[in-house]
Each structure stands twice: as C-alpha cells, then as structure tokens.
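# Understanding the architecture of this molecule
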Amino acid sequence: LTLPGAADGVSVHVYDGLGRRVATLAENASLAGETVLTWDPGALPAGVYSVRATGAGLSLARPVTLVR
C-alpha cells in the first residue's frame, strides 16, 4: 500500500466480493509513504478481495487476489 503522503487516523480493511469486511489491517493508524501490512486470510476462500484505506481525507482501494 503506497500513500501519497503522511496521514493520521487511517483505517485499512479487507472486503470480500459482496462488500463484507473480512479483516482489519490498521485502525486509526499513522501511515506514510510505502507501508507494508500483513494479512492472514485464515480459512477464507480463494478469490478477489478489496483492500481499502480511508481516513484523513484519504480514500484508496486496491484489488487483491487470494490464491490457494
């Protein structure tokens, strides 16, 4: 995840194809630039998920493909 600059109060969540939140990677965090967050999908099925970062005037979404 690469943010355009420093941001406070950023939340990063993972959503499934139906728009349900399946994981929280960061909650009200201070993030800047290129940030590496680890997601352990557990028993979730393979498929396309969406990682969304919101907060502090920021709204980013990126698709992620989980392959089993």
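Residues numbered from 1 in each chain as written. Predicted model: local features only at pLDDT ≥ 70, side-chain atom pairs only at ≥ 80, totals over all residues. Heavy atoms only, no water.

### Considerations on the sheet that holds strand β4 (residues 58–66)
Two modes of strand pairing occur in sheets, parallel and antiparallel, and in both the strands are linked by backbone hydrogen bonds. On the basis of which strands lie adjacent, the open sheet formed by 4 strands has the order β2-β1-β3-β4 and antiparallel pairing. For this open sheet the edge positions go to β2 (21–31) and β4, each flanked by a neighbour on one side alone. If you compare each strand with its neighbour and ignore which way they point, the axes differ by 15° on average. Across 9 bridges, strand β3 (residues 47–55) lies against β4 in antiparallel orientation. Bridging from a neighbouring strand, S50 pairs with P63 of β4. (Pairing = 2+ DSSP bridges. Helix = DSSP H or I, 4+ residues; strand = E, 2+ residues; numbered from the N terminus. Axes fitted to C-alpha atoms, helices over the stretch in contact; angles between N-to-C directions.)

### Observations concerning the packing of aromatic side chains
This model, assessed by the stated rule, comprises 1 aromatic pair. The ring centre of Y15 lies 4.3 Å from the NZ or CZ of R52, which sits over that ring. (Phe/Tyr/Trp six-rings, centres within 6.5 Å; stacked < 30°, edge-to-face > 60°. Lys NZ or Arg CZ within 6 Å of the ring centre and 35° of its normal.)

### So, the side chain of S50
As for its placement among the helices and strands, S50 is situated in strand β3. Side chain to side chain, S50 and R52 meet in a polar contact 3.4 Å long. Here S50 is in contact with H13, V14, Y15, A61 and R62, once residues within four sequence places are set aside. (Polar contact = N/O pair within 3.5 Å; in protein donor to acceptor, adjacent residues only side chain to side chain. Contact = heavy atoms within 4.5 Å.)

### What to know about the nonpolar core
Counting 16 residues, the largest nonpolar core has V10, V12, V14, L31, W39, A53 and L58 as the members making the most contacts within it. Looking at this core, the elements with two or more residues in it are β1 (7–15), β2, β3 and β4. Setting aside residues up to four positions removed in sequence, V10 forms contacts with A26, E27, N28, A29, L31, A53, T54, G55 and L58. (Core = buried A, V, L, I, M, F, W, Y, C linked by side-chain atoms within 4.5 Å. Buried < 20%, exposed > 50% of the residue type's maximum accessible area, 1.4 Å probe, protein only.)

### Comments concerning unusual backbone geometry
It is generally the case that most residues other than glycine have a negative phi and that most peptide bonds are trans. Residue N28 is not a glycine yet carries a positive backbone phi of 55°. Here N28 shows up in strand β2.

### Considering the confidence of the model for the chain
Regions with low pLDDT carry predicted coordinates that are not meant to be interpreted in detail. Averaged over every residue, the pLDDT of the chain is 90; residues scoring 70 or more account for 96%. Looking at the elements of the chain, mean pLDDT is at its lowest for β1, recorded as 90, and at its highest for β3, recorded as 94. (pLDDT = per-residue confidence, 0-100.)

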